[in-house]
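Architecture at a glance
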Amino acid sequence: MKQALMIISILALVVLLVAPTAVFLQKMELSTCKHWMFAATVIWFVTAPFWMKRKAQ
Amino acid sequence: MAEDAETVQNEPAGGEFEREPVPENQTKGWRSFIGMYAGEHAAGTEFMIGPLFVAHGVSAFDVLVGLLVGNLLAVLSWTFLCAPIAVKKRLTLYFQLEKICGVRLVELYNLANGVLFCFLAGAMIAVSATAVGIPFNMPMPGLNDMYPNSVGWILAVFAVGAVISIVAAYGYDTVAHIANIAAPWMVLVFLACGVAALPELGIHSLGDFYAIAQEKVWTGVPVEGQSQFTFLHVMFFAWFCNLAMHIGMSDLSIFRFAKKARMGLASAAGMYLGHYMAWIAAGLLYAIQLNADPTDTAVAPGPMAWKIAGATGIICVIIAGWTTANPTIYRAGLAFQGIRPKWSRFKVTMAAGLVATLGACFPALVMKLLDFVALYGLILMPMGAIIFMDHYFSAKFGLQEYYAEKSRIVFNWAAGLTWFVTLALCVALNKIANIEIFFLALPGWFIAAFLYIALSKVYQKSITVQGAVS
């Protein structure tokens, strides 16, 4: 389960980079890119806490 | 820029190894340091620094090459000045200072550090406030504003400041955890903003980048009311913006956990992600705003990030400001509590948060962030020179290392005078010789190094003679 969540998190980060690159290459509108980035952000913050270790402070 | 983190230390606050060397079996490898530096140096203030370079009229060459060289010098400072002493002694900065300077002088250092932390946190609160104000159409402070420009600004700052202070006083662990989770995402949002900004400036291929960057981003012409920055300004700023941490030796507390001194090179992750890529990306966002309306010179990270990244941009600005202001206020509280251990941690942290919030109300703090960051490093730098000279040159000059500890004094006047006189001479260099604040730390370090040895020669001799007489 943790591994699956980790893969989803990493995919979210990939989307975060691919969407603006598509804008740069003129394959995507900036407004669409913003939606993708927001979706990636939500997915990252929902999934990452389950597998990222809590470090002692 | 950012403050040093305790994450890599992996010890409870006020916990182990504060007054003893870190044992070999507790040392950490490259991954810990790379992760920590990459995360810590992509902070809310990066959203301000990149645009302020644009406002100060740097050229594309100044930024691209100046940052490359300046960040390299910073990495080398961590690697060859700070990390070797940290690995050799494996003590915190404070304990090492106590041994050299005495407990009373360390209290003074704590006070200076705490106050500076408060204002640094204030700048971060102001960054977050620019994002909080967007849904309310709040007028953003201007580049040359000194005082609050609206009631809305004060309310936004107090809302952010109150949340950050309360969380710092109550739940530091949770925010630290959120900061860890946000770090990789935040670095990529900076990069994403930079990439998505390129077509808005008319850059459609990497080949276009330099020519358009010169024409539309780093034009070499400052915004009205701003001084002209050159290659040297950029290089020295990049080198010295974390002066307190490397040459000032604050990160002794971090690298005492390093297996080898060469792990100082891990700081490159923070420098080239946070202080190169993020500053450039933030500069591009500001250039879009200026190209759309040359009269709109306000450096407001919230609206800039919103324009390119939408809601993600706003979240990034808020989290970047919040997650870095939070530990900064917490550390300010710790620094003040170090002076009076009986004070309640909660009350001291809340007081530090209030000072930070009051500071954030004044846009001058964040609009003059470059000057403040340079001042912050300069004030703490002489203590780094003292530690360096004490470690490497005490024996060579016939001096006693860790003099305060050995002679049981609480205030080493040689160290104290070195600190005060160095700062006084730096002020004189600034006022009389017109040397800008960004360049003062270099001569200042040599002044401090010389003064410490010269004053110690006199002071240690006089104490020894007095001791013999009594």
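Predicted model only: the values in this text are computed from it and were never measured. (Residues numbered from 1 in each chain as written. Chains lettered and ligands numbered in written order. Predicted model: local features only at pLDDT ≥ 70, side-chain atom pairs only at ≥ 80, totals over all residues.)

**Quick notes on the overall build of chain B**
The condition that has to hold: Helix and strand assignments come from DSSP, with helices taken as H or I runs of at least 4 residues and strands as E runs of at least 2, each series counted from the N terminus. Put plainly, a residue is buried at 20 or more neighbouring C-beta atoms within 10 Å of its own, exposed at 12 or fewer, and partly exposed in between, counting only other residues' C-beta atoms, which are placed from the backbone.
On a plain count of helices and strands, chain B comes out with 19 helices and zero strands. Taking the principal axes of the C-alpha coordinates as reference, chain B spans close to 75 × 45 × 45 Å. Buried positions account for 59% of the 470 residues belonging to chain B.

**Things to note about the overall build of chain A**
Here is the rule: When we talk radius of gyration, it's over C-alpha atoms, and the globule rule is simply 2.2 Å times the number of residues to the 0.38.
Broken down by element type, chain A carries two helices and zero strands. Computed over C-alpha atoms, the radius of gyration of chain A comes to 13 Å, more than 25% over the 10 Å expected from 2.2 N^0.38 for 57 residues, which places it beyond the range of a compact globule. Each of the 57 residues in chain A was classed as buried or not, and the buried ones make up 33%.

**Considering the nonpolar core**
Residues and elements named next belong to chain B. Rules: Any nonpolar core is a set of buried residues, restricted to Ala, Val, Leu, Ile, Met, Phe, Trp, Tyr and Cys, that join up through C-beta atoms within 7 Å. Contact between residues is assigned whenever the C-beta positions, reconstructed from backbone atoms, fall within 7 Å.
Residues I125, M186, C193 and A305 are the most contacted members of the largest nonpolar core, which totals 198 residues. Element by element, the count of residues in this core is highest for helix α7 (residues 172–200), at 19 residues. Leave out the neighbours within four places in its chain, and I125 touches V157, V160, G161, I164, G321, A325, A356, T357 and A360.

**Side note on the interface of chain A and chain B**
The cut-off we apply is this: Polarity classes work like this: nonpolar for Ala, Val, Leu, Ile, Met, Phe, Trp, Tyr, Cys and Pro, charged for Asp, Glu, Lys and Arg, and polar for all others, with Gly in that last group.
Opposite the 23 residues of chain A that make contact, chain B presents 27 residues. Put simply, the parts of the chain that give the side of chain A that touches chain B at least two residues each are α1 (2–24) and α2 (30–51) of chain A. Classifying every residue of the side of chain A that touches chain B by side-chain character gives 16 nonpolar, four polar and three charged.

**Structural notes on the confidence of the model for chain B**
Residues and elements named next belong to chain B. Keep this limit in mind: Scored between 0 and 100, pLDDT is the confidence that the predictor attaches to each residue.
Across chain B, pLDDT averages 91, with 94% of residues at or above 70. Low pLDDT (under 50) marks residues 2–15, which in the prediction has 37 contacts with non-local residues, meaning those over four places away or in another chain. This prediction of the complex comes with two scores: 0.91 for pTM and 0.95 for ipTM.

**Let's talk about the environment of C118(B)**
All names here are of chain B. Residue position: C118 is located in helix α5 (residues 103–132). Distance from C118 to W343, taken between C-alpha atoms, is 17 Å for residues 225 residues apart in sequence. Once residues lying within four places of it in the same chain are set aside, the contact partners of C118 are A332, A352, V355, A356 and G359.

**What to know about α1(A)**
What counts here: To estimate the expected span of a helix, count its residues, drop one, and scale the result by 1.5 Å.
The end-to-end C-alpha separation of α1(A) is 34 Å, in line with the 33 Å expected for 23 residues at 1.5 Å each. In the segment just after α1(A), Q26(A) is the residue with positive phi, at about 60°.

**What to know about the environment of V151(B)**
Residue and element names in this part refer to chain B. Along the chain, the position of V151 falls in helix α6 (residues 151–170). You can call V151 exposed: it has 9 C-beta atoms within 10 Å. For the pair V151 and L73, spaced 78 residues apart in sequence, the C-alpha separation works out to 43 Å.

**As for the packing of α6(B) against helix α14 (residues 345–361) of chain B**
Residues and elements named next belong to chain B. We count it as follows: Geometry is summarised by axes, namely lines fitted to C-alpha atoms with helices restricted to the contacting stretch, and by angles between N-to-C directions that run from 0 to 180 degrees. By the definition adopted for this analysis, an angle is roughly parallel if under 35 degrees, roughly antiparallel if over 145, roughly perpendicular if from 65 to 115, and oblique otherwise. Two helices cross in a left-handed way if the nearer one is turned anticlockwise from the farther one by less than a right angle. They cross in a right-handed way if the turn is clockwise.
The N-to-C vectors of α6 and α14 enclose an angle of 160°; their axes lie 9 Å apart at closest approach. Judged on the interaxial angle alone, α14 and α6 are roughly antiparallel. Both α6 and α14 take part in a crossing whose hand is right-handed. Of α14, the residues touching α6 (which contributes I154, V157, F158, G161, I164, S165, A168 and A169) are F346, T349, M350, G353, L354, A356, T357, A360 and C361. Of the residues in the contact of α6 with α14, the class split is twelve nonpolar, five polar and no charged.

**Some points on the packing of α5(B) against helix α13 (residues 311–339) of chain B**
Each pair of packed helices can be described by the angle between their axes along with the distance between the axes. Residue and element names in this part refer to chain B. Contact geometry for α5 and α13: axes closest at 8 Å, N-to-C directions at 160°. In terms of orientation, α5 lies roughly antiparallel with respect to α13. Regarding α5 and α13, the two cross each other, and that crossing is left-handed. Its residues assigned to classes, the contact of α5 with α13 comprises 20 nonpolar, nine polar and two charged.

**Considerations on helix α16 (residues 369–393) of chain B**
The first and last C-alpha atoms of α16(B) sit 35 Å apart over 25 residues, in line with the 36 Å expected at 1.5 Å per residue. Most of α16(B) is tucked away: 20 of the 25 residues are buried.

**Digging into unusual backbone geometry**
All names here are of chain B. Look at M249: it is not a glycine, yet its phi comes out positive at around 70°. If you trace the backbone, M249 turns up in the loop between α9 (231–240) and α10 (252–255). The phi torsion at Y402 lies on the positive side, around 50°, for a residue other than glycine.

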